[in-house]
Amino acid sequence: MSHTHNKTDATSPAYPTARPRRLRYNPLVRELVRETELSAHDLILPLFVRPGGVIAIGGTDDRPDYDYAGDVRFVVGELGDGGEAQGAVHSAGGEEALRVDVRRAGGTLQATLTAGAPKRWRLQLAGVKQTVRVTGGRTAPDPLGVVIEAEDGARQLSIELAS
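Figured I'd write up the structure that's included with this text. (Residues numbered from 1 in each chain as written. Predicted model: local features only at pLDDT ≥ 70, side-chain atom pairs only at ≥ 80, totals over all residues. Heavy atoms only, no water.)

Below, the discussion takes up the nonpolar core. Formed by 24 residues in total, the largest nonpolar core has its most connected members in F74, V102, W121, L123, L125, L157 and I159. Secondary-structure elements contributing two or more residues to this core are β2 (71–76), β3 (84–90), β4 (96–105), β5 (108–115), β6 (120–125), β9 (147–150) and β10 (156–161). Aside from chain neighbours lying at most four places away, what touches W121 is V72, F74, V100, A111, L113, I148, E149, A150, A154, R155, Q156 and L157. (Core = buried A, V, L, I, M, F, W, Y, C linked by side-chain atoms within 4.5 Å. Buried < 20%, exposed > 50% of the residue type's maximum accessible area, 1.4 Å probe, protein only. Helix = DSSP H or I, 4+ residues; strand = E, 2+ residues; numbered from the N terminus. Contact = heavy atoms within 4.5 Å.)

What follows is the structure in structure tokens.
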């Protein structure tokens, strides 16, 4: 007579019938052996902006139900002379809430909101460390590239790039 064990059977000798607690006798040891906790703040999503691309990044990262077009940063990849790029932000309902068109002519970039109400918006020029002059906004340095924050109500930025 052959005897086989079903490994998923709770009465099988391979399955523990008791839950040992000797490793959890004090708070410090319990902290060491507890299950891993993972939250949204532990996750990252790398974003790569290719030359001539635009990525819209929202200003709120602690809740999913914010006004997406309320505080947006458009990250612009390197545009060559004569280059054009567009970026858009959509509302929770899927409609286009904000759109920016960026054009380069020589050493000047023009960024224009072509759709949506002018709200707080910024343009980040990936890889650009400084500008010569900005009309319609103010600059702030950033390790990933200069950030230009549009003035209140501004729909257009004109940026003269350093050579």
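As a further point, take the sheet that holds β4. If you trace the five strands from one edge of the open sheet to the other, you get β3-β4-β5-β10-β7, paired in antiparallel fashion. Looking at the sheet topology across the chains shown, the edges are occupied by β3 and β7 (131–135). Each adjacent strand pair in this sheet contributes to an overall mean axis angle of 15 degrees, direction not counted. In this structure, β4 lies alongside β5, joined through seven bridges in antiparallel fashion. Note on β5: the bridge partner recorded for R104 is L109. (Pairing = 2+ DSSP bridges. Axes fitted to C-alpha atoms, helices over the stretch in contact; angles between N-to-C directions.)

A word on the pattern of salt bridges. Side-chain pairs of opposite charge can arise whenever the charged atoms involved come near each other. Enumeration according to the criterion identifies six salt bridges in this entry. Measuring nitrogen to oxygen at the nearest pair gives 3.6 Å for the salt bridge that ties D101 to R99. Accessibility expressed as a relative area gives 25% for R99, which makes it partly exposed. Two residues, E160 and R133, come together in a salt bridge whose shortest N-O distance is 2.6 Å. Of this pair, E160 sits in strand β10 while R133 sits in strand β7, and the two are 27 residues apart along the sequence. For E160, a relative accessible area of 27% corresponds to the partly exposed category. In the salt-bridge network here, residues are joined through shared partners; they are E96, R99 and D101. (Salt bridge = Lys/Arg side-chain N within 4 Å of Asp/Glu carboxyl O.)

What follows is about a nonpolar patch on the surface. A surface patch of nonpolar side chains, about 330 Å² in accessible area, is lined by L28, L32 and V33. The topology assignment puts L32 in helix α1 (residues 27–33). Taking the relative accessible area as the measure of exposure, L32 reaches 68% and is therefore exposed. (Patch = residues over 30% accessible without salt bridge, like charges linked within 9 Å, V, L, I, M, F, W, Y side chains within 5 Å. Areas by Shrake-Rupley, 256 points an atom, 1.4 Å probe, with all protein chains shown as cover.)

Attention now goes to the sheet that holds β2. Within the open sheet, the five strands sit side by side as β1-β2-β6-β9-β8. Their pairing is mixed. Lying at the two open borders of the sheet, with one neighbouring strand each, are β1 (54–58) and β8 (137–140). Each neighbouring strand pair of the sheet contributes to a mean axis angle of 25 degrees, computed without reference to strand direction.

Now for the pairing of β6. Within β6, five of the six residues are buried, which leaves it mostly tucked inside the rest of the structure. Inspection of the sheet shows β2 paired to β6 by six bridges, in the parallel sense. Bridging from a neighbouring strand, V76 pairs with L125 of β6. Inspection of the sheet shows β6 paired to β9 by three bridges, in the antiparallel sense. Across the sheet, residue R122 finds its bridge partner in β9, namely E149.

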